[in-house]
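# Breakdown of the fold
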Amino acid sequence: GEDVEQSLFLSVREGDSSVINCTYTDSSSTYLYWYKQEPGAGLQLLTYIFSNMDMKQDQRLTVLLNKKDKHLSLRIADTQTGDSAIYFCAEITMDSNYQLIWGAGTKLIIKP
Amino acid sequence: KAGVTQTPRYLIKTRGQQVTLSCSPISGHRSVSWYQQTPGQGLQFLFEYFSETQRNKGNFPGRFSGRQFSNSRSEMNVSTLELGDSALYLCASSQAAGGPYEQYFGPGTRLTVT
């Protein structure tokens, strides 16, 4: 069945890079998404990658996809206090009838 | 372009009452999905509407219902509220359905049931 897993917490120092990891189980062609949720707010779409890509970069964000291991990561360069949030990984597949399958979210904590 | 709007933002209801939440999608978007978010269960899919028809439904009891209007605006209704219905209810819109279309979320409605 479909499942998306993430670690619950990540703590980094301001200015360092943050790497948030996600694993997924579905083997069909898929899009994988990263969403950001700040306290008391809805979810903001950060970026996405299709399963036939290895990497996507967008300013401070780099998404890496290892299809063999079904592992997805989001790297945030030069992490700032404004990056404090919960980051959700989600996948969408034909098998899921194009419904998003969500991870539990990783809370990113920034240390001064 | 205006984003997804949800009303009201906050709501306090009593057990046994019913509630209606509203969602206006981004202009031109025809698909609206609803999610329930709680600390214990995370994000759970409620249902998706496209062209006024329910396209997909999650595993929620029949007390949870929704509809979509011809202008793509959507409402969800919860009848006979229970304490466990306290949650953040999120609405998301996308251009269409049946494909990997990006979903854009509203700020949510925080429902508290006492």
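Please refer to the structure placed before this passage.
Bear in mind that the values here come from a model prediction, so they are computed numbers and not experimental data.

## Describing the sheet that holds strand E3 (residues 18-24) of chain A
All names here are of chain A. Pairing is antiparallel in the open sheet, where five strands are placed in the order E1-E3-E8-E7-E6. The two strands at the open ends of the sheet, each matched to only one other strand, are strand E1 (4-6) and strand E6 (55-58). Ignoring strand direction, the axes of neighbouring strands in this sheet form an average angle of 15°.

## Examining the interface of chain B and chain A
Buried accessible area, meaning the area lost when the parts come together, often serves as the stated size of an interface. Each side of the interface is counted separately: chain B has 20 residues, and chain A has 17 residues. The tally of links from chain B across to chain A stands at zero salt bridges. If you list the elements that add at least two residues to the side of chain B that touches chain A, you get strand E4 (31-38), strand E5 (42-50), strand E6 (53-57), strand E9 (87-94) and strand E10 (104-105) of chain B. Examining the composition of the side of chain B that touches chain A, we find that three residues originate from one element, E5(B), more than from any other.

## Re the state of the cysteines
Residues and elements named next belong to chain A. As enumerated under the stated definition, the model contains two disulfides over all chains in all. Paired through a disulfide, Cys22 and Cys89 show a sulfur-sulfur distance of 2.0 Å. Measuring handedness by torsion sign, the sulfur bridge of Cys22 and Cys89 sits at about -60° and is left-handed. With a gap of 67 residues between them, Cys22 in strand E3 and Cys89 in strand E9 (residues 85-93) connect regions that are remote in the sequence. By relative accessible area, which is 1% here, Cys22 ends up buried.

## Looking at the environment of A:Leu61
Relative to the helices and strands, A:Leu61 is located in strand E7 (residues 61-66). Setting aside residues no more than four positions away along its own chain, A:Leu61 makes contact with A:Leu46, A:Lys56, A:Leu74, A:Arg75 and A:Ile76.

Definitions and cut-offs
- Along each chain, residues carry numbers from 1 onward, in the same order as the chain's sequence is written.
- Chain letters start at A and ligand numbers start at 1, both assigned in the order the entries are written.
- Totals for whole chains, interfaces and linings use all residues, but because this is a predicted model, local features are given only for residues with pLDDT of at least 70 and pairs of side-chain atoms are given and counted only at 80 or more.
- Each side-chain value is derived from all of the structure's non-hydrogen atoms; neither hydrogens nor water enter the calculation.
- At least two bridges found by DSSP between two strands are what make those strands a pair.
- Helix and strand definitions here come from DSSP, where helices need a minimum of 4 consecutive H or I residues and strands a minimum of 2 consecutive E residues; each element is numbered from the N-terminal end.
- Each axis is a line fitted through C-alpha atoms, and for a helix only the stretch in contact is used; angles between axes span 0 to 180 degrees, taken between their N-to-C directions.
- For this analysis, residues touch if any pair of their heavy atoms sits within 4.5 Å.
- Within this document, salt bridges are pairs made up of a side-chain nitrogen of Lys or Arg and a carboxyl oxygen of Asp or Glu, the two lying within 4 Å of each other.
- Criterion for a disulfide: a pair of cysteine sulfur atoms within 2.5 Å.
- Residue exposure (1.4 Å probe, protein chains only): buried if accessible area is under 20% of the type maximum, exposed if over 50%, otherwise partly exposed.

Keep in mind that these numbers describe shape and distance, not what the molecule does.
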